[in-house]
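# Architecture at a glance
Spelled out, the chains give:
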2 protein chains.
Amino acid sequence: MDIVKMEALLRLSSTLLLVLTACLVGFDTQTKVIFLSTVRKATFRDLNALMALVCIDSVAAAYNLLQLLRCFVSCSFKANQMQSYLCLAWVCFLLDQATVYLVVATNSAALAASFLAITGASNLQWMKLCDKYTRFCIQIGGALLCGYAASLSLALISILSGYSLFRLYSPKRFFLLKAR
Amino acid sequence: MDIVKMEALLRLSSTLLLVLTACLVGFDTQTKVIFLSTVRKATFRDLNALMALVCIDSVAAAYNLLQLLRCFVSCSFKANQMQSYLCLAWVCFLLDQATVYLVVATNSAALAASFLAITGASNLQWMKLCDKYTRFCIQIGGALLCGYAASLSLALISILSGYSLFRLYSPKRFFLLKAR
């Protein structure tokens, strides 16, 4: 299998998973009647961590879509200009690294906040919420699973872009390009 | 600067930062008299995310200490057995990747939980706690800063171990080792 095809496939799957995560969290609402006429609506806006998840995942999906376009362009691009190819490979590598760390971090932040909604924290007098908003919490759980699948896919992309970059360097001298 | 020396320096600094983070969180306590005789003690055990941070950071510090020893051994090790060197490089690369993602994830989970302790979540009736336990919260904040410094150092290590591994491969053929 060609490296560009593999990258395109991974980027496509991570874009889809990131969009799915953002949609599952963003459109998740549940309304409950608490007292006689008091209606409470649970949305992702109740927790900062879930809002961050929707924003970061949307940005990461847009970035991966742009990179997917670059994959199609670079299929027809002959890498005869070594210097510009190297520059592009470094930029892609660093952006991919930043994306995967950001997505892993926001996913874990959302997981921690959601975990508190399931268990509560009795010492801090924070009460459980998922026994009331069960359907809401199950949808968030599904979204977090998607988010971790997207993180795995992004981690594989960052390994692949590291491979594309570092194989250009010499195995003997430090940070010297190898003869082609 | 030699690549092994650079790696050793990064591993030493990340080990120290991880130990510092775990100690700052683990030994952070604050006692408050709430009513006439009711005494409440805040510790890292109140939040699961902080407990996870102490555990994961300790394990990651131990792993980096082992890798630091390997750095000193590999200084005197002649890499004439290509196959075993490649195998070791792959194992180190994958373990480094796993470590950095775990540390970033637990740090962000702890950050999310601590952020809730600062702001509260009025919609969920979770109250603020950091106005009562101010010194406790400031120490946790310092620990999280150390944790992110450690994450940065671990990310650099994972780039370096990717570089050491992938520069062994040919720039033209997919996953073919280059002639030495």
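The paragraphs below set out a description of the structure included in this document. (Residues numbered from 1 in each chain as written. Chains lettered and ligands numbered in written order. Predicted model: local features only at pLDDT ≥ 70, side-chain atom pairs only at ≥ 80, totals over all residues. Heavy atoms only, no water.)

### Let's talk about the overall build of chain A
Scanning chain A for helices and strands turns up four helices and two strands. Along the chain direction, N to C, the helices and strands of chain A fall in the order α-β-β-α-α-α. In terms of overall size, chain A is more extended than a compact globule, its C-alpha atoms giving a radius of gyration of 21 Å where 180 residues would be expected to give roughly 16 Å. Each of the 180 residues in chain A was classed as buried or not, and the buried ones make up 48%. Across chain A, the fraction of contacts at a sequence separation of at least 24, relative to all contacts at a separation of at least 6, is 75%. (Helix = DSSP H or I, 4+ residues; strand = E, 2+ residues; numbered from the N terminus. Rg over C-alpha atoms; globule rule 2.2 N^0.38 Å. Buried < 20%, exposed > 50% of the residue type's maximum accessible area, 1.4 Å probe, protein only. Contact = heavy atoms within 4.5 Å.)

### What about the relation of the copies chain A and chain B?
The operation relating chain A to chain B is a screw motion whose rotation component is 180 degrees, with 0.0 Å of axial translation and a residual RMSD of 0.0 Å. The two molecules are tied by a two-fold rotation axis, judged by turn and shift. A shared interface surface links the copies, since 100% of the contact residues of chain A are contact residues in chain B too. (Least-squares fit on C-alpha atoms with pLDDT ≥ 70 in both.)

### Let's talk about the state of the cysteines
According to the stated counting rule, one finds two disulfides over all chains in the structure shown. Residue pairing for Cys130 of chain B: its cysteine sulfur links by disulfide to Cys137 of chain B, the two sulfurs lying 2.0 Å apart. One disulfide, between Cys130 of chain B and Cys137 of chain B, carries an S-S torsion of -80 degrees and so falls in the left-handed class. We note that Cys130 of chain B, like Cys137 of chain B, is buried. Of all cysteine sulfurs, the one in Cys23 of chain A lies closest to Cys55 of chain A, which takes part in no disulfide; the gap is 13 Å. (Disulfide = S-S within 2.5 Å.)

### Remarks on the nonpolar core
For soluble globular proteins, nonpolar side chains are generally found buried alongside one another. Ranked by size, the top nonpolar core spans 50 residues in total, and within it Leu18, Leu165 and Phe166 of chain A together with Leu18, Leu165 and Phe166 of chain B carry the most contacts. Residues contacting Leu18 of chain B, with those up to four places away along its chain left out, are Asp57, Ala60, Ala61, Asn64, Val103, Ala150 and Leu154 of chain B. Within the second largest apolar cluster, 49 residues are counted, among which are Trp126 of chain A together with Ala109, Ile140 and Leu144 of chain B. (Core = buried A, V, L, I, M, F, W, Y, C linked by side-chain atoms within 4.5 Å.)

### Remarks on the pairing of strand β1 (residues 30–33) of chain B
Two strands pair when backbone bridges link them, and β1 of chain B and strand β2 (residues 39–42) of chain B are joined in this way by four bridges, in the antiparallel orientation. Paired with Val33 of chain B across the bridge in β2 of chain B is Val39 of chain B. (Pairing = 2+ DSSP bridges.)

### Some remarks on the interface of chain A and chain B
Tallying the contact residues gives 45 residues for chain A and 45 residues for chain B. Surface buried jointly by chain A and chain B totals about 4100 Å² across both partners, of which 70% is contributed by carbon and sulfur atoms. In this assembly, chain A and chain B are joined by zero salt bridges. When grouped by side-chain class, the residues that make up the side of chain A that touches chain B number 29 nonpolar, nine polar and seven charged. (Buried area = accessible area lost by both parts, 1.4 Å probe. Salt bridge = Lys/Arg side-chain N within 4 Å of Asp/Glu carboxyl O. Nonpolar A, V, L, I, M, F, W, Y, C, P; charged D, E, K, R; others polar.)

### Regarding the pairing of strand β2 (residues 39–42) of chain A
Side-chain alternation along β2 of chain A places Arg40 and Ala42 of chain A on a buried face and Val39 and Lys41 of chain A on a face that remains uncovered. Connecting strand β1 (residues 30–33) of chain A to the antiparallel partner β2 of chain A that follows it, the hairpin turn spans five residues.

### Focus on the pattern of salt bridges
Inspection of every chain in the model, using the stated rule, returns ten salt bridges over all chains. Taking the shortest distance from any N to any O, the salt bridge between Arg70 of chain B and Glu7 of chain B comes out at 2.9 Å. Here Arg70 of chain B, found in helix α2 (residues 48–75), pairs with Glu7 of chain B, found in helix α1 (residues 3–26); they are 63 residues apart in sequence, far enough to count as distant. By relative accessible area, which is 21% here, Arg70 of chain B ends up partly exposed. Note on Glu7 of chain B: relative accessible area 11%, which makes it buried. Through salt bridges with shared partners, a single network forms among Glu7, Arg11, Arg70 and Asp96 of chain A.

### Details of empty space enclosed by the protein
On inspection of all chains with the given rule, the structure shows three cavities of 30 Å³ or more. Approximately 170 Å³ is the volume found for the largest cavity. Lining of the largest cavity is provided by 15 residues; of these, Leu47, Ala117, Leu129, Phe136 and Cys137 of chain A occupy positions nearest its centre. Those elements that provide at least two residues to the lining of the largest cavity are β2, α3 (82–119) and α4 (134–166) of chain A. For the lining of the largest cavity, the leading source of residues is α4 of chain A, giving three residues. Here the lining of the largest cavity is built from residues that sort into eleven nonpolar, two polar and two charged. Of the voids in this model, the second largest cavity is the one considered here, and its volume is about 60 Å³. Of all the secondary-structure elements, those providing two or more residues to the lining of the second largest cavity are α3 and α4 of chain A together with α3 (82–119) and α4 (134–166) of chain B. (1 Å grid on protein atoms, 1.4 Å probe; cavity = no way out; pocket = protein on both sides within 12 Å on 5 of 7 lines; lining within 4 Å. Points joined across faces, edges and corners; volume = space filled by probe spheres on them.)

### Some points on the packing of α1 of chain B against α4 of chain B
All names here are of chain B. Packing of α1 against α4 brings their axes to within 8 Å, and their N-to-C directions diverge by 155 degrees. Accordingly, the angle class assigned to the pair α1 and α4 is roughly antiparallel. Helix-helix and strand crossings are classified by hand; for α1 and α4 the assignment is left-handed. Partitioned by chemical class, the residues of the contact of α1 with α4 number 18 nonpolar, eight polar and two charged. (Axes fitted to C-alpha atoms, helices over the stretch in contact; angles between N-to-C directions. Parallel < 35°, antiparallel > 145°, perpendicular 65-115°, else oblique. Left-handed = near helix turned anticlockwise from the far one by under 90°.)

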